[in-house]
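Structural characterization, general
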Amino acid sequence: MGSKTALDNEVATVGGVLTDRQPLDFHTLGVAGCIDRLTAPLRQRGTVVQWDTPHWGLEIPADSASLLYQSARELLSNAYKYSSAHTLTIQLAAVDHGIRLAVSDDGTGFDSNLATSGRHHGYGLRLMSVAVQEAGGTVDISSSPGQGTSVTVTLPLD
């Protein structure tokens with residue numbers, strides 16, 4: 001796995017949680033650029049990260065951008081800690097009056113019902129879902145053991 005890049009020192013894992021050491025700069029990097037920085041630890045350990053961003057340059061309000069970034073950080077941290085995925089796909093796209101972030105992987109998967117309602121699992125996903133719902137958005141979690149995981153976060157932009 002070749003040479004280190006500047007990004008290697010900007011994103012660290014602390015207890016398996018991806019942590020960006022640099023201040024977020026949505027204006028310069030855009031939401032996709034800030035999220036992409038979080039993928040460095042996944043890439044370093046060999047996970048192939050694929051991007052699909054059909055609407056580069058879409059104007060996203062700061063509060064929505066921050067919530068998308070925090071959601072991506074939770075989802076990518078979970079992928080880093082638990083999934084053992086070979087491939088991870090991130091999509092950031094405009095939808096009717098909103099923006100959608102979809103993160104999917106081909107990893108180990110989990111029982112999504114247990115993770116969103118169990119007493120000892122899924123606190124990060126539950127907190128993320130509450131924050132998104134309070135912003136008027138939706139979260140769809142699809143996963144089962146051995147089948148990978150797909151999570152879609154949709155936020156309104158009006």
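Rules of the game
Residues numbered from 1 in each chain as written. Predicted model: local features only at pLDDT ≥ 70, side-chain atom pairs only at ≥ 80, totals over all residues. Heavy atoms only, no water. Helix = DSSP H or I, 4+ residues; strand = E, 2+ residues; numbered from the N terminus. Buried < 20%, exposed > 50% of the residue type's maximum accessible area, 1.4 Å probe, protein only. Contact = heavy atoms within 4.5 Å. Areas by Shrake-Rupley, 256 points an atom, 1.4 Å probe, with all protein chains shown as cover. Pairing = 2+ DSSP bridges. Axes fitted to C-alpha atoms, helices over the stretch in contact; angles between N-to-C directions. Expected span 1.5 Å × (residues − 1). Arc of directions from axis to C-beta. pLDDT = per-residue confidence, 0-100. Salt bridge = Lys/Arg side-chain N within 4 Å of Asp/Glu carboxyl O.

Here's the deal with the overall build of the protein chain
- Secondary structure assignment for the protein chain yields 5 helices and 7 strands.
- Of the regular secondary structure in the protein chain, the N- to C-terminal order runs β-β-α-α-β-α-β-β-α-α-β-β.
- Taken across its 158 residues, the protein chain has 41% of its residues classed as buried.
- Put simply, of all contacts in the protein chain between residues at least 6 apart along the chain, 63% involve residues at least 24 apart.
- Summed over its atoms, the accessible surface of the protein chain is roughly 8500 Å², and 51% of this surface lies on carbon and sulfur atoms.

A short note on the pairing of strand 6 (residues 138-143)
- Pairing between strand 6 and strand 7 (residues 149-156): 6 bridges, direction antiparallel. Across the sheet, the residue bridging to Ile-141 is Val-151, located in strand 7.
- In textbook terms, the turn of a hairpin is the stretch between consecutive antiparallel strands, and for strand 6 and strand 7 this stretch comprises 5 residues, one of which, Gly-146, has a positive phi near 80°.

A look at the sheet that holds strand 5 (residues 98-105)
- Read from one edge of the open sheet, 5 strands run 3-4-5-7-6, paired in mixed fashion. Edge strands, defined here as strands with exactly one partner in the open sheet, are strand 3 (48-52) and strand 6. Between one strand axis and the next, the sheet turns through 10° on average, direction left out of account.
- Here strand 5 runs beside strand 7; their pairing, made up of 8 bridges, is antiparallel. Residue pairing for strand 7: Asp-105 is matched across the bridge by Thr-149.
- The strands touched by helix 3 (residues 62-83) within the sheet are strand 4 (87-95), strand 5 and strand 7, with strand 5 carrying the most contacts at an inclination of about 5°.

As for helix 5 (residues 123-134)
- With 12 residues, helix 5 ought to run about 16 Å at 1.5 Å a step, and its terminal C-alpha atoms sit 16 Å apart, in line with that.
- For helix 5, every residue scored as buried is listed here: Leu-125, Met-128, Ser-129 and Val-132. Along helix 5, the residues classed as buried sweep out an arc of 100° about the axis, all on the same side. Opposite the buried face of helix 5, by more than 90 degrees, sit the exposed residues Leu-127 and Glu-134.

Quick notes on the confidence of the model for the protein chain
- Mean pLDDT for the protein chain: 85, with 82% of residues reaching 70 or above.
- Averaged over each element, pLDDT in the protein chain is lowest for strand 1 (residues 11-14) (70) and highest for strand 7 (97).

A word on the pattern of salt bridges
- For the structure shown, the criterion picks out 1 salt bridge.
- The salt bridge partner of Asp-36 is Arg-43, with a shortest N-O separation of 2.7 Å.
- In this structure Asp-36 comes out as partly exposed when scored by relative accessible area, which is 25%.
- Residue class for Arg-43 comes out partly exposed when judged on its relative accessible area of 35%.

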